[in-house]
Amino acid sequence: MKQRLFKGLGFFLLGMLLFCSWDVIPVYAENLVYRTLVLGKDVVQIRPNEKDQEVYEFLFNEQVVMRYRTMSQGLSASERALVLWERVNNFGQALSQGEIKVAVWQGNYVILLDEQLLLTVTAADYLANNSTAEGLANVWATNFKKARQIKPLVEIVPEISHKEPLLRDEEIPEVADSEEIKMWELVNAERAKAGVPPVEFDEGLAEVACLKSADLITHNYFSHHSPTYGDPFVMLKSFGITYNYAGENLAGSPTVEIAHQNLMASPGHRKNILNPNFTHLGIGIVKGGPYGQMFTQLFTG
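Residues numbered from 1 in each chain as written. Predicted model: local features only at pLDDT ≥ 70, side-chain atom pairs only at ≥ 80, totals over all residues. Heavy atoms only, no water.

Peer 1: Can you walk me through the pattern of salt bridges in this structure?
Peer 2: A pair can form between side chains of opposite charge whenever their charged atoms are brought close. This model, assessed by the stated rule, comprises eight salt bridges. For the salt bridge of Glu-190 with Lys-193, the shortest nitrogen-to-oxygen distance reads 3.4 Å. Residue Glu-190 and its partner Lys-193 are both found in helix α6 (residues 177-193); the two are separated by three residues, about one turn of the helix. Each member of the salt-bridge network shares a partner with another, and the members are Arg-47, Glu-57 and Arg-67. (Salt bridge = Lys/Arg side-chain N within 4 Å of Asp/Glu carboxyl O. Helix = DSSP H or I, 4+ residues; strand = E, 2+ residues; numbered from the N terminus.)

Peer 1: Would you explain helix α7 (residues 203-218) in this entry?
Peer 2: At 3.6 residues per turn, the α-helix brings residues three or four places apart onto the same side. Here α7 spans 22 Å end to end across 16 residues, near enough to the 22 Å set by a 1.5 Å rise per residue. The set of residues buried in α7 consists of Leu-205, Ala-206, Val-208, Ala-209, Cys-210, Leu-211, Lys-212, Ser-213, Ala-214, Asp-215 and Leu-216. Elements in contact with the buried residues of α7: α6, β8 (200-201), α8 (232-238), β9 (245-252), β10 (280-287) and β11 (293-300). The residue sitting at the N-terminus of α7 and contributing the capping side-chain oxygen is Asp-202; that oxygen lies 2.9 Å from the backbone nitrogen of Gly-204. Trailing α7 by a residue or two, Asn-220 shows a phi angle of about 50°, which is positive. (Expected span 1.5 Å × (residues − 1). Buried < 20%, exposed > 50% of the residue type's maximum accessible area, 1.4 Å probe, protein only. Contact = heavy atoms within 4.5 Å. Polar contact = N/O pair within 3.5 Å; in protein donor to acceptor, adjacent residues only side chain to side chain.)

Peer 1: Teacher, can you tell me more about the sheet that holds strand β5 (residues 100-105) here?
Peer 2: Hydrogen bonds between backbone groups are what pair the strands of a sheet, and the pairing can be parallel or antiparallel. The three strands lie next to each other as β5-β6-β7, forming an open sheet whose pairing is antiparallel. Because the sheet does not close on itself, it has two edges, and the strands there are β5 and β7 (116-120). In this sheet, neighbouring strand axes are inclined to one another by 40° on average, regardless of whether the strands run parallel or antiparallel. Note that β5 and strand β6 (residues 108-113) share six bridges and pair antiparallel. By the bridge assignment, Val-104 is partnered in β6 with Tyr-109. (Pairing = 2+ DSSP bridges. Axes fitted to C-alpha atoms, helices over the stretch in contact; angles between N-to-C directions.)

Peer 1: Help me understand α6, please; the structure alone is not making it clear to me.
Peer 2: For α6, spanning 17 residues, the distance from its first C-alpha to its last is 24 Å, which sits close to the expected 24 Å at 1.5 Å a residue. Every buried residue belonging to α6 is among Glu-180, Met-183, Val-187, Asn-188, Glu-190 and Arg-191, and all of these are buried. Projection of α6 onto a plane perpendicular to its axis shows the buried side chains occupying an angular sector of 155°, all on one side. Set apart from the buried face of α6 by more than 90 degrees, the exposed residues are Ser-178, Ala-192 and Lys-193. Here the buried face of α6 lies against β8, α7, α9 (256-265), α10 (267-274), β10 and β11. Just downstream of α6, Gly-195 is the residue with a positive phi angle, here 75°. (Arc of directions from axis to C-beta.)

Peer 1: What's the story with the packing of aromatic side chains in this structure? I'm lost.
Peer 2: Two measures describe an aromatic ring pair: the distance that separates the ring centres and the angle between the ring planes. Counted under the stated rule, the structure contains nine aromatic pairs. A ring pair is formed by Trp-184 and Phe-201, whose centres lie 5.9 Å apart and whose planes are at 70°; its orientation type is edge-to-face. With a gap of 17 residues between them, Trp-184 in helix α6 and Phe-201 in strand β8 connect regions that are remote in the sequence. Owing to a relative accessible area of 15%, Phe-201 belongs among the buried residues under this scheme. Ring geometry for Phe-278 against Phe-299: centres 5.3 Å apart, planes inclined by 25°, an arrangement best described as stacked. Remark: Phe-299 occurs in strand β11 and Phe-278 occurs in the loop between α10 and β10; sequence separation between them is 21 residues. Neither residue differs from the other here; Phe-278 and Phe-299 are each classed as buried. Through pairs of rings, three or more aromatic residues link up here, namely Phe-58, Phe-60 and Phe-144. (Phe/Tyr/Trp six-rings, centres within 6.5 Å; stacked < 30°, edge-to-face > 60°.)

Peer 1: Could you clarify how one ought to interpret the pairing of β10 in this entry?
Peer 2: The buried fraction of β10 amounts to six of the eight residues, a majority that puts the element mostly inside the structure. Pairing geometry for β8 and β10, over two bridges, is parallel. Across the sheet, Phe-201 pairs through a bridge with Leu-281, a residue of β10. Direction of pairing for β10 relative to β11: antiparallel, over a ladder of eight bridges. Paired with Gly-282 across the two strands is Leu-298, which belongs to β11. Between β10 and the antiparallel strand that follows it, β11, lie five residues; Gly-288 among them carries a positive phi value of about 130°.

In C-alpha cells:
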C-alpha cells in the first residue's frame, strides 16, 4: 500500500511538473554597449572586450587606453560604459586637448580631464591587473597621453575584409518580412510612448541582423561574439556599415510579442530600444534553434 502511495505521488508530481512547464518558454536576450565619437580626425570608442564581455575598453585612435570591469558592489561594466559615455560626450574636444592627470577623489584614485572626473579606478580594476589603484591610474593616464600623440586617423571606419567573400544575395537567409515589420512597429510604439523619435527600418542592417540570427542557430551559441563574424562592432564594419552609435539586442522566442516583452522587461535592452541616439534599426528573425526563432536587433545612429 505504501509503495503504491509513493508511486502514485511520484506520477502526480511528474504530471504537475510537466503541466507547470508546458507554458514556460525559455526566452533569452543580451545587449552590449558600443559607442563611437568622431572628434575631427580623432576617434573615441567604448566597447566590450572581444574575449571577455564582462570587461569594457575605452579606446582613443584605436589604442586601448583603459580596460575596466564590473564593480564588486556597484555598477556593472556595461553600466559603467554608459556613465563614461555621458562624460565623454560632455568633454567633446577636450578629449583631444584637455589636461589628463591622476588624482584622489572621495578616497579613490581617478583619471581627471581638465579637473573633471573621467573614470574611477575600482578594486575590481586594479586587482585584475595585479596592481594598485595608484599604479593602474598612472598606467591609464600614460596610455591616454600616448594615444593622443598617434597620427590622426585618415579613415573614420577602416575596412575589415572577410577571410571569405561576403555572402551573395541568394545566400542570405529568408527574412520574415511581416514579422520584422511587426517588431519594428512595436519598437517605435515604445519610443512614441517615451517621447523618443522613431527609428527608420534599415534593409541593410536587417540583412546583417538576419545573418547573425542564422549564425546563432547554425553554430548553436547565444552570444554577441560570433565565431563567424566577431562581435557586432566588427561585423557592422565588415559589411561596410558606418555609424556613430551602435547597439545589438538578441532574443530567442517562439513569437515576436514574447521576444519584445522580454526585451522591454530587461533594463539594458530597454535602454537600446528607447535610446534617442539611435536613428536606424534592422531586425533579423530566423526560424530554428531551441527557442523556435532567433531575433537580432541592430541599432545605429
